[in-house]
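Structural features, examined
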Amino acid sequence: MSAIRKSHRLVRRVNCLNSRPTWRVVTCPAACRVLSLAIPPASSTSSRIRISTLFTALLALGIGATGLGLYEFYTSLTLWPEQVRGDLRAGIKARNQGDLSLSERYITRAFQTALSLPYQTFAPDPYLKISGIASLLSEVASDRRARDALQIAWELGAGSSNKSPPSSDSEKTLSSAEAEGAPEPGWSSYTLNDEERLRRVALAYKLGQLASEQDVDEEEKWLIWAVEEVLRLSGLGKKDVNADTNAKAQSSALDELELPTWMSKTDLGAPLEALGALYAKKGRIEYAMPLYLQAVSLLLPPGAQNIPIEDRCRAAQLMNNLSELIMRGPPTPEVRAQAEAWARQALGVIERAQSQPSKSTWFTWGGPAEDEREVCEQALGVVLFNLGSLREMSSDLDGAKKLFAKSAEQCGKVGIREGVVEAQEALRRVEKAKKVG
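The model shown is predicted, which means the values in this text are computed figures rather than measured ones. (Residues numbered from 1 in each chain as written. Predicted model: local features only at pLDDT ≥ 70, side-chain atom pairs only at ≥ 80, totals over all residues. Heavy atoms only, no water.)

1. Observations regarding the packing of helix H4 (residues 126-140) against helix H5 (residues 143-156)
H5 packs onto H4 with a crossing angle of 170° between their chain directions and a minimal axis gap of 8 Å. With respect to their mutual orientation, H4 and H5 come out roughly antiparallel. When H4 is examined against H5, the residues Tyr127, Ile130, Ser131, Ala134, Ser135, Leu137 and Ser138 are found in contact with a partner set consisting of Ala146, Ala149, Leu150, Ala153, Trp154 and Leu156. Per-class residue counts for the contact of H4 with H5 are ten nonpolar, three polar and no charged. (Axes fitted to C-alpha atoms, helices over the stretch in contact; angles between N-to-C directions. Helix = DSSP H or I, 4+ residues; strand = E, 2+ residues; numbered from the N terminus. Parallel < 35°, antiparallel > 145°, perpendicular 65-115°, else oblique. Contact = heavy atoms within 4.5 Å. Nonpolar A, V, L, I, M, F, W, Y, C, P; charged D, E, K, R; others polar.)

Take a look at the structure:
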């Protein structure tokens, strides 16, 4: 929370794509119901035979399902070249069993092998596949090795342009690349398609995230490159995979790797959000605001229909951030009005997203429906608090009190303890002001 006045604070929630929310929703498991079937007493031999036959059939079905699962595992990854298939399969199996060290060894060998092969071996869309292996390695390896693998994959996409990486640590990373195995020279003549260029943006975005913990300047360089590439690609929008006849087969190959969300989602807004958040943290408001505005326009394109709930919620969060940035200046009536307009727009977007039907969760045990609304649930309490602060600053104590009470209730609902404390403190302050007034 950033201070605007001594007694008035606005909250900015930063939750960039594919990073986990700062506050986690803690829920208790639902009460378990036991359903029983009233089976008639076995009054005859024929009824016992029917029951025995039923359980034999169920047992056979269970064994068959287990056998099918094992068959699918051992025959998976068939869409990948034979040279890397075995190591990828072993690496994924070790990862799923929690043995990250063994997984890293297998996937490292698969990555080294992939680098030595002609790119035609991985057709179609070879860059998606080889960067997918690098991504898989980054999930099980140390941060340093993850950066090396991702930067090697990023450099492969440079083609004949031979662009040096924006990282200031390029020399050390290149020596690491040589240790991994020199890439097959044919990559220098390969031209990325649009989807592969978006993948390269995702790599730069992730490299920026990894750099953020150690070198903010390097983070900025990676994110600037990603944003510049996004602006070059912004006319593409989000690709409709159903329009490509080869997309289903390609998706199946990549789905087998179970890639992290930051890699598997085509998202143009994430680098803009991340760079905007970085500039906001540095206090460079004049740079942060245009980036947030551009990200909002990508998440909520004018005239677009059927916008995903998650995108609406992220746009609302950015609108709230814009409101907070505006209030960092002198709190004149005009500035307060502009900040409140953005906060109310954020509230309206959240309310519309909450009323929007969720995606079908049939046979998925209800998980995704809650996840896609999580950003909205987290942002709602913060937006209500900010609106309450703005109403309080405008001497509308009754309106502020209602908004603070709603904020406390919402923050308590989603487990934001800090938000509950702040809202309750604001309620006490408003009550005291009303008595004095």
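2. Examining the state of the cysteines
Following the criterion strictly, the structure yields one disulfide and no others. At a sulfur-sulfur separation of 1.9 Å, the disulfide partner of Cys313 is Cys376. Between Cys313 and Cys376, the S-S dihedral sits near -100°, and the bridge is therefore left-handed. Taken as a pair, Cys313 in helix H13 (residues 309-326) and Cys376 in helix H16 (residues 374-393) lie far apart in primary sequence, 63 residues in all. Relative accessible area serves as the criterion here: at 1%, Cys376 is assigned to the buried category. (Disulfide = S-S within 2.5 Å. Buried < 20%, exposed > 50% of the residue type's maximum accessible area, 1.4 Å probe, protein only.)

3. Observations concerning the nonpolar core
With 91 residues, the main nonpolar core has Val84, Phe111, Tyr127 and Ile130 as its most contacted residues. The contacts of Tyr127, once residues within four sequence positions are left out, are Ala153, Trp154, Leu156, Gly157, Trp187, Tyr190, Leu192, Glu196, Arg199, Arg200 and Leu203. (Core = buried A, V, L, I, M, F, W, Y, C linked by side-chain atoms within 4.5 Å.)

4. Re the confidence of the model for the protein
Here the protein shows a mean pLDDT of 76. Residues at 70 or above account for 65%. In the predicted structure, residues 1-7 sits below a pLDDT of 50 and forms 16 contacts with residues beyond four places in sequence or in another chain. Confidence drops under a pLDDT of 50 for residues 63-75, and excluding neighbours within four residues, the segment shows four contacts in the predicted structure. (pLDDT = per-residue confidence, 0-100.)

5. As for the packing of aromatic side chains
What characterises a pair of aromatic rings is the spacing of the ring centres plus the angle enclosed by the ring planes. Per the counting criterion, the structure on display carries eight aromatic pairs. For the pair Tyr127 and Trp187, a centre-to-centre distance of 6.3 Å together with 70° between the ring planes defines the contact as edge-to-face. In this pair, Tyr127 is assigned in helix H4 and Trp187 in the loop between helix H6 (170-180) and helix H7 (194-212), connecting sequence segments 60 residues apart. The same class applies to Tyr127 as to Trp187, namely buried. The structure contains a cluster of three or more aromatic residues connected by ring pairs, namely Tyr119, Tyr127, Trp187 and Tyr190. (Phe/Tyr/Trp six-rings, centres within 6.5 Å; stacked < 30°, edge-to-face > 60°.)

6. Describing the packing of helix H8 (residues 216-233) against helix H11 (residues 269-282)
One way to put it is that H8 packs onto H11 with a least axis distance of 9 Å and a crossing angle of 140°. In this view, H8 runs oblique relative to H11, as classed from their interaxial angle. Read as a crossing pair, H8 and H11 show a hand that is left-handed. Contacts between H8 and H11 involve Val216, Asp217, Glu219, Glu220, Leu223, Ile224, Ala226, Val227 and Val230 from the first element and Pro271, Leu272, Ala274, Leu275, Leu278, Tyr279 and Lys282 from the second. (Left-handed = near helix turned anticlockwise from the far one by under 90°.)

7. Some details on unusual backbone geometry
For the bond from Ala123 to Pro124, the omega torsion is 0°, close enough to zero to count as cis. Assignment of secondary structure puts Pro124 in the loop between helix H3 (100-116) and H4. Within the chain, Ser395 stands out as a residue other than glycine whose phi angle is a positive 70°. Position of Ser395 among the secondary structure elements: in the loop between H16 and helix H17 (397-414).

8. Examining the side chain of Arg312
The topology assignment puts Arg312 in helix H13. The buried charged residue Arg312 lacks any salt bridge partner; its closest oppositely charged side chain belongs to Asp311, at an N-O distance of 8.7 Å. (Lys, Arg positive; Asp, Glu negative; His and termini not counted. Salt bridge = Lys/Arg side-chain N within 4 Å of Asp/Glu carboxyl O.)

9. Overview of H17
For H17, which comprises 18 residues, the first-to-last C-alpha distance of 26 Å matches the rise-based estimate of 26 Å (1.5 Å per residue) to within 8%. Close packing links the buried residues of H17 with H16 and helix H18 (417-436). Looking one or two residues past H17, Gly415 carries a phi angle of roughly 85°, positive in sign. (Expected span 1.5 Å × (residues − 1).)

10. Overview of the pattern of salt bridges
One pass over the full model with this rule turns up 17 salt bridges. One salt bridge in this structure joins Glu229 and Arg197, with 3.0 Å as the shortest N-O distance. Of this pair, Glu229 sits in helix H8 while Arg197 sits in helix H7; the two residues are 32 residues apart in sequence, bridging distant segments of the chain. On the accessibility criterion, Glu229 (7% relative accessible area) is buried. Arg328 is paired through a salt bridge with Glu324; the nearest N and O atoms lie 3.0 Å apart. Connected through salt bridges with shared partners, the residues Glu340, Arg344, Arg391 and Asp396 form a single ionic network.

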